[in-house]
Amino acid sequence: MMMRLVTLALALVLLSACDSRPSDSKPAAPEKSSSPAAATEPAPATQPAVVYTCPMHPEVVSDKPGTCPKCGMDLVLKK
């Protein structure tokens, strides 16, 4: 269980580091659609990753609510 939490924490750190780096490549040109309705539809919203962590042990992370295996406190949403 602890190894899974450490692996998840490491993956989250690596993902956040990848997201924060500026891109050197130019943004791709938007595709043109022949349908006028397609141009007015909003893009589908993506849900941000939800991460729960222990207030006393920030290294303990989870993708769902629960309790800290070290101290038993409730995990809280990480902002």
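Keep in mind the model is a prediction, meaning the values are calculated, not measured.

A. Region of interest: the overall build of the protein. Regarding its fold elements, the protein presents 2 helices and 3 strands. Element order for the protein, N to C, with α for helix and β for strand: α-α-β-β-β. Taking the intrachain contacts of the protein between residues at least 6 apart in sequence as the baseline, contacts between residues at least 24 apart amount to 32%.

B. How the structure looks around the side chain of serine 62. When you line up the elements, serine 62 lands in strand 2 (residues 61–62). Here the side chain of serine 62 touches lysine 64 through a polar contact of 2.9 Å, landing on its backbone oxygen. Once you skip the residues sitting within four places of it in the chain, serine 62 turns out to touch Leu8, Val50, Val51, Tyr52 and Leu75.

C. Examining the confidence of the model for the protein more closely. Per-residue confidence for the protein averages 75 on the pLDDT scale, and 56% of its residues sit at or above 70. Mean pLDDT values for the elements of the protein range from 59 in helix 2 (residues 36–40) up to 95 in strand 1 (residues 52–53).

D. Focus on the state of the cysteines. All chains considered together, the criterion is met by 0 disulfides. Of all cysteine sulfurs, the one in cysteine 54 lies closest to cysteine 68, which takes part in no disulfide; the gap is 3.6 Å. By relative accessible area, cysteine 68 is classed as buried at 3%.

E. The nonpolar core, seen in detail. The biggest cluster of nonpolar side chains holds 6 residues, and these are Leu5, Tyr52, Cys54, Val60, Cys68 and Leu75. Beyond its immediate sequence surroundings of up to four residues, cysteine 54 is in contact with Val60, Cys68, Cys71, Met73 and Leu75.

Calculation criteria
- Residues numbered from 1 in each chain as written.
- Predicted model: local features only at pLDDT ≥ 70, side-chain atom pairs only at ≥ 80, totals over all residues.
- Heavy atoms only, no water.
- Helix = DSSP H or I, 4+ residues; strand = E, 2+ residues; numbered from the N terminus.
- Contact = heavy atoms within 4.5 Å.
- Polar contact = N/O pair within 3.5 Å; in protein donor to acceptor, adjacent residues only side chain to side chain.
- pLDDT = per-residue confidence, 0-100.
- Disulfide = S-S within 2.5 Å.
- Buried < 20%, exposed > 50% of the residue type's maximum accessible area, 1.4 Å probe, protein only.
- Core = buried A, V, L, I, M, F, W, Y, C linked by side-chain atoms within 4.5 Å.

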